[in-house]
Amino acid sequence: MTENASLLLGRLGLDALPFYSWVAFSGALVTLAGGVGFLVLVTWLGQWRALWTGWLTSVDHKRIGIMYIVLALVMLVRGFVDAIMMRLQQAMSYNREGYLPPEHFEQIFSSHGTIMIFFMAMPFMTGLLNYIIPLQIGARDVAFPVLNAISFWLTFAGAGLMLISLVIGKFSTAGWTGYPPYSGVEFTPGVGVDYWIWSILVSGVGTTMTGINFVVTILRKRAPGMLLMRMPLFTWTGLCSSILIIFAFPALTVSTTMLALDRTLGMHFFTNDGGGNVMNYMNLFWIWGHPEVYILILPAFGIFSEVVATFSSKRLFGYPSLVYATAVIAVLSFTVWLHHFFTMGAGANVNAIFGIATMVIAVPTGVKVFDWLFTMFRGRIRFEPPMLFTIGFMCLFVIGGMSGVLLAIPPINYSTHNTTFLVAHFHNMIIPGVLFGYLAGYMYWFPKAFGFQLDRVWGARSFWFWMIGFLLAFMPLYALGLMGMPRRLETYGNPEWQPLLIVAFVGACLILMGIISLVMQLWVSVKNRKALVDQTGDPWDGRTLEWSMPSPPPIWNFDNVPVVSSRDAFHEAKLSGIPLPAAEEDSPLSVPKNSVMGPCMGVAGMCIGFGAVWYIWWLAFAGLAIAVAAIIGRSFVQSTENDVSFKRGATTT
Amino acid sequence: MIAASDAVEEQIDRETEFGFWLYLMSDAVLFSLIFVTFAVMSSNLASGPGGADLFDIKNLAMQTALLLTSSLTIALAHHATEGRNTTRAVVWLVMTCILGTGFLALEIRELSGFVAEGAGPGRSGYLSAFFTLVGTHGLHVTAGLIWALTLIVQIVLRGIDHRLLSRLARLSLFWHFLDIVWIAVFSLVYLPEFL
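Rules used throughout
- Residues numbered from 1 in each chain as written.
- Chains lettered and ligands numbered in written order.
- Predicted model: local features only at pLDDT ≥ 70, side-chain atom pairs only at ≥ 80, totals over all residues.
- Heavy atoms only, no water.
- Helix = DSSP H or I, 4+ residues; strand = E, 2+ residues; numbered from the N terminus.
- Buried < 20%, exposed > 50% of the residue type's maximum accessible area, 1.4 Å probe, protein only.
- Contact = heavy atoms within 4.5 Å.
- Areas by Shrake-Rupley, 256 points an atom, 1.4 Å probe, with all protein chains shown as cover.
- Buried area = accessible area lost by both parts, 1.4 Å probe.
- Salt bridge = Lys/Arg side-chain N within 4 Å of Asp/Glu carboxyl O.
- 1 Å grid on protein atoms, 1.4 Å probe; cavity = no way out; pocket = protein on both sides within 12 Å on 5 of 7 lines; lining within 4 Å.
- Points joined across faces, edges and corners; volume = space filled by probe spheres on them.
- Patch = residues over 30% accessible without salt bridge, like charges linked within 9 Å, V, L, I, M, F, W, Y side chains within 5 Å.
- Axes fitted to C-alpha atoms, helices over the stretch in contact; angles between N-to-C directions.
- Parallel < 35°, antiparallel > 145°, perpendicular 65-115°, else oblique.
- Left-handed = near helix turned anticlockwise from the far one by under 90°.
- Nonpolar A, V, L, I, M, F, W, Y, C, P; charged D, E, K, R; others polar.
- Polar contact = N/O pair within 3.5 Å; in protein donor to acceptor, adjacent residues only side chain to side chain.
- pLDDT = per-residue confidence, 0-100.

For chain B, the helix and strand inventory stands at six helices and zero strands. Projecting the C-alpha coordinates of chain B onto the three principal axes gives extents of approximately 65 × 30 × 25 Å. Counting across all 195 residues of chain B, residues that qualify as buried make up 53%. In chain B, of all internal contacts separated by at least 6 residues, the share reaching a separation of at least 24 is 82%. Accessible surface for chain B amounts to roughly 8,500 Å². Of this, 69% is attributable to carbon and sulfur atoms.

What follows covers the interface of chain B and chain A. On the chain A side, the residues contacting the 37 residues of chain B number 38 residues. Buried area between chain B and chain A, summed over both chains or domains, comes out near 3,100 Å², and the portion from carbon and sulfur atoms is 68%. The tally of links from chain B across to chain A stands at one salt bridge. For Glu15 of chain B, the salt bridge is made with Lys221 of chain A, and the minimal N-O distance between the two is 3.6 Å.

Residues and elements named next belong to chain A. In this structure the tally under the stated criterion is four cavities of 30 Å³ or more. Taken as a whole, the largest cavity holds about 200 Å³ of empty space. Around the largest cavity, the lining is made up of 22 residues, and of these Pro232, Glu306, Thr544, Arg567 and Asp568 lie nearest the centre. Among the secondary structure elements, those contributing two or more residues to the lining of the largest cavity are α8 (278-311) and α16 (569-576).

Once that is clear, we can look at unusual backbone geometry. When glycine is set aside, most residues are seen to have a negative phi, and most peptide bonds are trans. Residues and elements named next belong to chain A. Between Pro180 and the following residue, Pro181, the backbone shows a cis peptide bond with an omega angle of 0°. Put simply, Ser551 and Pro552 share a cis peptide bond, and its omega is -15°. Within the element layout of this structure, Pro552 appears in the loop between α15 (497-527) and α16. For Asn557, which is not glycine, the phi torsion reads 65° and is therefore positive.

Together, Leu14, Leu17, Phe19, Phe25, Leu29, Leu32, Val36, Val40, Leu41, Trp44 and Leu45 of chain A line one region of the surface with nonpolar side chains, adding up to about 1,200 Å² of accessible area. Its place among the elements puts Leu32 of chain A in helix α1 (residues 22-45).

This part covers the packing of helix α7 (residues 233-265) of chain A against helix α1 (residues 6-40) of chain B. One can describe the packing of α7 of chain A onto α1 of chain B by two numbers: an axis separation of 8 Å at closest approach and a directional angle of 45°. In terms of orientation, α7 of chain A lies oblique with respect to α1 of chain B. With respect to the hand of their crossing, α7 of chain A and α1 of chain B are arranged in right-handed fashion. Between α7 of chain A and α1 of chain B, the contacting residues are Ile246, Phe247, Pro250, Ala251, Thr253, Val254 and Met258 of chain A on the first element and Leu22, Met25, Ser26, Val29, Leu30, Leu33, Ile34 and Thr37 of chain B on the second. Counted by class, the contact of α7 of chain A with α1 of chain B contains twelve nonpolar, three polar and no charged residues.

Let us now look at the side chain of Ser255 of chain A. All names here are of chain A. Note on placement: Ser255 falls in helix α7. By relative accessible area, which is 0% here, Ser255 ends up buried. Within polar-contact distance, the side chain of Ser255 engages the backbone oxygen of Leu252 at 3.2 Å.

Predicted confidence across chain A gives a mean pLDDT of 94, with 99% of residues reaching 70 or more. At the level of individual helices and strands, chain A shows its lowest average pLDDT in strand β2 (residues 641-643) of chain A, which scores 83, and its highest in α15 of chain A, which scores 98.

With that settled, the discussion passes to the confidence of the model for chain B. Of all residues in chain B, 97% have pLDDT values of 70 or greater, and the mean over the chain is 94. Prediction confidence for the complex, expressed as pTM and ipTM, is 0.96 and 0.95 respectively.

The next point concerns the environment of Val74 of chain A. Take Val74 of chain A: it is sitting in helix α3 (residues 61-92). Through-space distance from the C-alpha of Val74 of chain A to that of Met120 of chain A is 8.1 Å; in sequence the pair is 46 residues apart.

Written out as structure tokens, the structure reads:
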């Protein structure tokens with residue numbers, strides 16, 4: 001601990017404000033303006049009560065889902081600003097310093113990765129799971145609605161810590177993986193790495209609970225007749241993803257907690273001296289990290305499966321093989337973590353085993369691609385924006401898969417280790433594989449959530465900007481990697497690299513246009529919502545249960561839970577003209593009451609995190625006390641449900 | 001309170017218990033990873049003291065006896081609640097808390113003794129892993145104690161209802177789980193040092 005830590009404010013002082021660089025300072029101003037602007041807007045509109053009762057304390061899975069996705073989209077913008085700043089820096093920093101001081105550049109690539117994985121992709125996925133899965137399986141809510149709210153608020157607290165780090169103090173410079181010994185206190189004192197640790201620890205607890213919640217929901221709350229092999233593929237992938245969360249997230253908790261213990265209490269888990277073992281961190285971190293890739297990508301595969309069947313107007317090809325492929329990927333995802341550090345020197349045999357396992361995992365993924373292609377084969381394809389993203393994904397993802405199999409070969413991995421080839425590879429998996437999937441899901445299910453469709457022209461524009469922008473931004477990085485350019489360079493002296501880096505910057509600008517198109521799409525659609533309204537609840541001629549109800553669905557989802565007798569039961573009911581039978585006519589309807597547990601735990605998580613970052617220990621303990629008191633208090637609440645049977649038949653909330 | 005049917009209540013309890021099993025699985029992974037880390041670091045003494053220099057077999061025996069007995073008492077408490085016997089349930093839960101507190105007191109005495117001897121968690125990788133493993137278990141026991149105290153208050157205030165039964169069932173699962181973890185700590189951390 002620093003010597004000048006005070007009891008009241010820990011090591012927090014005026015020097016924490018970002019006056020060290022004008023870029024950081026303006027970033028802080030924008031963040032502050034965003035926060036203050038939001039508060040002023042809500043006050044000006046007089047919507048505090050509506051916001052509190054309708055959203056912040058809501059435990060409705062649909063509201064929580066929307067809040068997750070809003071969080072994800074906000075963080076997408078923040079993470080993208082980081083990305084384009086890096087591209088601009090590298091485009092101009094041949095033999096020059098560029099416009100970013102080195103330490104600031106390091107903060108930017110660290111926060112870019114952290115935000116995109118933990119606070120963009122994870123909330124986006126959780127939001128879609130939240131909104132859609134209960135509707136797809138015929139459930140009235142998730143198994144544990146209040147726990148669900150707590151999960152959201154812990155994620156929000158983690159994201160909040162990330163944003164605060166832009167204003168108060170500095171963020172980590174150790175990359176999104178926080179490798180020791182560099183991330184240890186000896187080489188990186190200060191609060192940056194602590195911000196990184198605590199923001200992902202706090203949100204990671206929330207994610208673990210989300211995993212538990214959805215496994216129970218999917219296995220225990222399905223409508224009668226919804227057998228496992230009749231579940232829509234998005235639900236299947238959500239199930240596998242949730243199981244992975246339960247088993248993988250403890251590894252993240254353990255590795256980051258040990259790093260925190262090293263930094264804060266002077267322990268020796270990952271230090272060079274004192275009997276530490278640095279490589280143990282890499283093992284622990286990637287035991288979480290590799291399954292995490294599949295936690296993110298499996299639900300996206302589920303979305304592609306739904307979208308490709310709907311917009312090809314065909315039954316999904318090879319449903320059982322898609323289910324088995326998903327399960328195989330989930331199991332194998334725990335057997336490949338070492339391929340993230342082949343160069344550790346584990347020995348030829350160990351590397352060979354992990355290399356082969358990595359190649360094996362490409363097989364079920366390939367099976368899936370063929371299934372999607374065969375679903376499209378002789379289908380009547382409608383090129384709506386979700387379908388465009390799906391086709392774009394298939395084209396780009398195959399390239400990323402090929403480079404992945406290349407990287408799975410240890411000798412090749414040695415020569416491309418830590419180069420931009422790797423950066424190109426994982427962006428090639430995650431942008432088309434994960435983000436395109438979530439954007440497809442966002443555009444596909446938006447009419448379900450809000451009752452009107454999104455503008456398709458701006459959707460298509462967004463797709464083309466993303467697609468071409470992606471190719472321009474990342475194909476040069478493959479070439480640069482093979483030319484030997486290391487990743488995370490803030491300045492360089494090789495003239496051959498600069499033209500390609502400029503191309504990559506142009507690509508990033510196109511992606512910026514893609515994001516602007518997304519905003520425009522939302523804006524134009526909200527403006528034209530009368531014209532885009534969807535009265536049917538089934539604008540795409542969908543196949544799964546979520547399309548059988550009005551848009552937006554009532555808070556209790558199903559007036560009468562249907563009995564399911566086949567896969568795509570809703571589609572068959574539409575064809576035959578006979579509606580799905582009700583499991584139980586007019587059973588009592590009850591919905592969980594609003595709860596302040598979520599916001600309470602969010603505040604507690606924020607206090608614990610902020611206190612631990614700055615060594616303001618009274619604040620951390622106060623946060624812990626709030627959390628314990630809230631849980632105990634909650635256990636004394638007797639009445640947690642509201643009867644809403646009288647509202648049955650109302651079409652919207 | 002809404003008069004939901006017993007079947008619905010029962011289903012909710014079953015879902016909660018299933019969810020709790022999943023949590024325990026997640027927690028088992030967490031402990032396994034700390035155990036593995038301990039194994040990796042078991043010889044990283046950095047010329048500091050090792051387990052054989054520090055551990056006291058009497059203290060260990062007492063801790064183990066207290067914790068294992070508390071598993072018996074919580075099972076008896078669980079049994080008493082199923083027979084709707086409020087007094088007995090409270091007595092056995094209080095016994096469990098006393099035994100658990102005794103375990104924690106011995107643990108804190110042991111660990112603070114090590115720190116006083118200059119064998120704190122910052123001394124070596126081995127001791128970091130030792131303190132973290134034992135400390136994580138101790139934190140779980142603390143959480144279990146707070147949980148048990150809450151349930152005692154609820155039994156006294158409200159008697160035994162289906163919610164309490166479900167909560168106590170989960171608490172005793174948790175407590176037995178911590179017992180199993182302790183047996184692993186006993187066999188893998190302490191015992192080798194005495195052989």
